[in-house]
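Residue-level structure breakdown
Okay, here's what each chain looks like letter by letter:
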Amino acid sequence: MLYELGARYDLNYFQVLTISQSLPREIERRYHTFHNYSLSSGIRYKVLPQLKLNLNLGHVLRSPEVNELYSAGLHQGVSGIEEGNRNLKNEQSTKIVLSADWNVKKKLFMQLLGYYQYVSNFIYLQPEDEFRLTIRGAFPLFTYQQTDATIAGLDALVSYEPIESIRFIAKYSFLQGDDVSNNQPLVYMPSNDLFGSFAYSFKDGDRIKNSSISVNGQYVFEQTHLNANQDIA
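Residue positions are given per chain, counted from 1 along the sequence in the order it is written. Local features in this predicted model are restricted to residues whose pLDDT is 70 or higher, and side-chain atom pairs enter the listing and the counts only when it is 80 or higher, whereas totals over whole chains, interfaces and linings include all residues. Heavy atoms throughout the structure, all of them, feed into the side-chain values; hydrogens and water do not.

1. Some remarks on the overall build of the chain
- Helix and strand labels come from DSSP, where a helix needs a run of H or I of at least four residues and a strand needs a run of E of at least two; each type is numbered from the N terminus. Across its full length, the chain holds 1 helix and 12 strands.
- Ordered by position in the sequence, the α and β elements of the chain form the string β-β-β-α-β-β-β-β-β-β-β-β-β.
- Both definitions apply: the radius of gyration is a C-alpha atom measure, and the globule rule equals 2.2 Å times residues to the power 0.38. A compact globule built from 233 residues should have a C-alpha radius of gyration of about 17 Å, whereas the chain, at 24 Å, is more than 25% larger.
- Overall, the chain is about 75 × 45 × 45 Å in size when its C-alpha atoms are taken along their principal axes.
- A burial count over the chain gives 27% of its 233 residues as buried.
- Total accessible area computed for the chain in this model is approximately 15800 Å², and 55% of it derives from carbon and sulfur atoms.
- A positive count includes Lys and Arg, and a negative count includes Asp and Glu. His and the chain ends are not counted in either. Just so you know, the charge point we use is NZ for Lys, CZ for Arg, CG for Asp and CD for Glu. Computed over 21 positive and 24 negative side-chain charges, the separation of the two mean positions in the chain equals 11 Å. A simple rule labels every residue: compare its accessible area, found with a 1.4 Å probe on the protein chains alone, to the largest value its type can have, and call it buried under 20%, exposed over 50%, or partly exposed in between. To be clear on the numbers: accessible area is Shrake-Rupley with a 1.4 Å probe, and residue cover counts the displayed protein chains and nothing else.

Below, the structure is given as structure tokens:
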């Protein structure tokens, strides 16, 4: 059995020069100090020679980024107007991860990993029911907000190598996020997906070495864990 413990402390100090939103325009100076720390622990236990269990628990604080605090304008990459929130607080996250690794005769490897995370003051970009008119046109409005959220997921992996030159791989990922403060799904969560791969490795020749060919396929499920009014599209 193997034990792991870790701790870290960070001090973030921001001195920001920004332009006021009111007229007449003025240069404003803002100061922010954030104290962050992280704690982690883990246990690795070999149940059988071919079966290992891993348990990890962590608690992390994250300070808001400058763009989350002070964005105020058009984001060209997403064609939307983003507004920061200078009153954002530290995120506080507690996460537990449990995984099992099973290796059978070096031919079949299976891994199952589940996790659950609770985030207090989770920072996210909220699409608003508003289009703001500018000299460049009308653009949707997004604002940075905070809420209490949970994120849970499951990852499964199967790798099979019947002979040395052939390998099959299959992966499945499940993820669900919920805004527990407002009793609704969490926006911008990735969809569940399924991935498969077949690879063949050629024998090394005199001039060509480490050559292989693979065929991959991926299916991304439709995101249904979302309210209609949360989808800006």
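2. Overview of the side chain of Thr143
- Of note, Thr143 is situated in strand β8 (residues 137-160).
- Under this definition, polar contacts are N or O atom pairs within 3.5 Å; protein pairs additionally need one hydrogen-donor-capable and one acceptor-capable atom, and for neighbouring residues in sequence, both atoms have to be side-chain atoms. For Thr143, the side chain forms a polar contact with the side chain of Glu128, separated by 2.6 Å.
- Once you skip the residues sitting within four places of it in the chain, Thr143 turns out to touch Glu83, Tyr124, Leu125, Gln126 and Glu128. Note on contacts: a residue pair is in contact if any heavy atoms of the two residues lie within 4.5 Å.

3. Brief notes about the pattern of salt bridges
- Note on definitions: salt bridges are taken to be side-chain nitrogens of Lys or Arg within 4 Å of carboxyl oxygens of Asp or Glu. Summed over the entire model, instances satisfying the criterion amount to 9 salt bridges.
- Arg86 serves as the salt-bridge partner of Glu28, at 3.7 Å between the closest nitrogen and oxygen. With Glu28 in strand β2 (residues 27-48) and Arg86 in the loop between β5 (80-83) and β6 (91-104), the pair connects residues that are 58 residues apart, well separated along the chain.
- Each of Arg62, Glu65, Glu68 and Glu91 takes part in one network of salt bridges that share partners.

4. A few points about the packing of aromatic side chains
- Stacked, edge-to-face and tilted are the three classes for Phe, Tyr and Trp ring pairs, Trp counted by its six-membered ring, which pair at centre distances within 6.5 Å; planes under 30 degrees apart are stacked, over 60 edge-to-face, the rest tilted. Tallied over the entire structure, the rule returns 6 aromatic pairs.
- Between Tyr200 and Phe202, the aromatic rings sit 5.1 Å apart at their centres with planes inclined by 85°, giving edge-to-face as the arrangement.
- Residue classification places Tyr200 among the partly exposed positions, given a relative accessible area of 30%.
- We classify Phe202 as partly exposed; its relative accessible area is 42%.
- In textbook terms, an aromatic cluster arises when at least three aromatic residues are bridged by ring pairs, as seen for Tyr172, Tyr219 and Phe221.
- The side chain of Lys95 reaches across the aromatic face of Tyr115, ending 5.0 Å from its centre. Note on geometry: a ring has a charge over it if NZ (lysine) or CZ (arginine) is within 6 Å of the ring centre and within 35 degrees of the ring normal.

5. Here's the deal with the pairing of strand β11 (residues 193-201)
- The pairing criterion is simple: DSSP has to find at least two bridges between the two strands. Sheet topology places strand β9 (residues 166-179) next to β11; 8 bridges connect them, and they run antiparallel. Within β11, the residue paired with Arg167 across the bridge is Ala199.
- For β11 and strand β12 (residues 212-220), the ladder comprises 9 bridges, and the chain directions are antiparallel. Each residue of the ladder has a partner; that of Ser197, found in β12, is Asn216.

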